[in-house]
Amino acid sequence: MTQSSVQDIFNRIAPVYDRLNDGFSFGQHRIWKQMTVQWSGAKPGSVAIDLCCGSGDITRLLARQVGATGKVYGVDFSEKLLAIAQNHYNWTPIHWLNADVLHLPFPNNTFNAATMGYGLRNVSSIPQALQELHRILKPGATAAILDFHRPSQPLLQQFQNWYLNQVVVPYAQQQGLTEEYAYIMPSLQRFPLGPEQVKLAYQAGFAHAVHYPIAGGMMGVLVATKSVDS
């Protein structure tokens, strides 16, 4: 699937994106996003960025973390999702920007912390996205990347497959969004597992990387830190 077709999908699902996320995760996605912000190492006064920010959930959490003395950029290539984010969270520390994670309009060594939620799986080049992320981070800064994962336990694998195919896609079909959500399983099958994500982070230049499976391994967070000598 091309980058433009993925962009079209997210523009189409924008009006129901938050409601579907709450329903499909039983509200647990909010906990996973808070964990991601904590792993990013963002602190009061930090300049932070939330890539593939969607409707702004993680961006909002980052803004709370950095406080009034900090600054947060929420970046997404979906204009419609970005418009929803701006409408929901028109806060002073947040600056919203329509841009592509593969070609970010920021100088080298700009940010103290970065997050990405459910975006890495959808880019056309994971290595290029990680390289751009590494480039814009300051030396010693950390990125935390939340996304779907494939569990190692067979029973959990079966449950994940059943849930996506028998619950998520049929419900999306009722909302007229069959094509938009049917792509999740193929994208998940193509997405590198945790150890491979770690390798890709090292290849992108990060000095340290670890992948934390969460939700029984059905989700995961890649935490990658840039060398202090970069």
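Keep in mind that what you see is a predicted model, and the values were worked out from it rather than measured.

(A) Quick look at the packing of aromatic side chains. Summed over the entire model, instances satisfying the criterion amount to five aromatic pairs. Ring geometry for W39 versus Y212: centroids 4.6 Å apart, planes at 5 degrees, classification stacked. Of this pair, W39 sits in helix 3 (residues 29-40) while Y212 sits in strand 6 (residues 208-214); the two residues are 173 residues apart in sequence, bridging distant segments of the chain. Classification of Y212 as partly exposed rests on a relative accessible area of 32%.

(B) How the structure looks around the sheet that holds strand 6. Read from one edge to the other, the open sheet built from seven strands follows the order 3-2-1-4-5-7-6, with strand pairing classed as mixed. Every interior strand has two partners, whereas the edge strands, strand 3 (94-98) and strand 6, have only one. Strand-to-strand twist across the sheet, computed as the mean angle between neighbouring axes with direction ignored, equals 15 degrees. Across five bridges, the pairing between strand 2 (residues 71-76) and strand 3 is parallel. Along strand 3, the bridge assignment pairs V72 with I94.

(C) Looking closely at the packing of helix 3 against helix 4 (residues 57-66). Axis separation between helix 3 and helix 4 bottoms out at 10 Å; the angle between their running directions is 45 degrees. As judged from the angle between their axes, helix 3 and helix 4 are oblique. Note that helix 3 runs across helix 4; the crossing there is right-handed. Across the interface between the two elements, H29, R30, K33, Q34, V37, Q38 and S40 of helix 3 pack against D57, I58, R60, L61, L62 and Q65 of helix 4. For the contact of helix 3 with helix 4, the per-class residue count stands at four nonpolar, five polar and four charged.

(D) Region of interest: unusual backbone geometry. Despite not being glycine, N109 has its phi angle at roughly 55 degrees, a positive value. Mapping N109 onto the fold places it in the loop between strand 3 and strand 4 (111-117). Here the phi dihedral of Y118 falls at roughly 55 degrees; this positive angle occurs in a residue that is not glycine. Within the secondary structure, Y118 is located in the loop between strand 4 and helix 6 (126-136).

(E) Summary view of the nonpolar core. If you look at the biggest cluster of nonpolar residues, it comprises 31 residues, and the most contacted ones within it are I49, L51, L120 and L130. Going through the elements one at a time, strand 1 (47-51), strand 4, helix 6, strand 5 (137-148), helix 10 (194-203) and strand 7 (219-225) are the ones with two or more residues in this core. No other element matches the five residues that helix 6 contributes to this core. Apart from the residues lying within four places of it in its own chain, the contact partners of L130 are L120, I145, L200, A201, A204, F206 and L222.

(F) Looking closely at the side chain of K226. Inspection of the secondary structure puts K226 in the segment after strand 7. It turns out K226 is buried and unbridged, and the closest side chain with the opposite charge, E132, is 10 Å from it. Among the polar contacts listed, one links the side chain of K226 to the backbone oxygen of H134, at a separation of 2.9 Å. Within the structure, K226 has its side chain in polar contact with the backbone oxygen of L137 (distance 2.6 Å). In contact with K226, not counting residues within four places along its chain, are N109, H134, R135, L137, K138, P139, G140, A141, F206 and A207.

What counts as what
- Residues numbered from 1 in each chain as written.
- Predicted model: local features only at pLDDT ≥ 70, side-chain atom pairs only at ≥ 80, totals over all residues.
- Heavy atoms only, no water.
- Phe/Tyr/Trp six-rings, centres within 6.5 Å; stacked < 30°, edge-to-face > 60°.
- Helix = DSSP H or I, 4+ residues; strand = E, 2+ residues; numbered from the N terminus.
- Buried < 20%, exposed > 50% of the residue type's maximum accessible area, 1.4 Å probe, protein only.
- Pairing = 2+ DSSP bridges.
- Axes fitted to C-alpha atoms, helices over the stretch in contact; angles between N-to-C directions.
- Parallel < 35°, antiparallel > 145°, perpendicular 65-115°, else oblique.
- Left-handed = near helix turned anticlockwise from the far one by under 90°.
- Contact = heavy atoms within 4.5 Å.
- Nonpolar A, V, L, I, M, F, W, Y, C, P; charged D, E, K, R; others polar.
- Core = buried A, V, L, I, M, F, W, Y, C linked by side-chain atoms within 4.5 Å.
- Lys, Arg positive; Asp, Glu negative; His and termini not counted.
- Salt bridge = Lys/Arg side-chain N within 4 Å of Asp/Glu carboxyl O.
- Polar contact = N/O pair within 3.5 Å; in protein donor to acceptor, adjacent residues only side chain to side chain.

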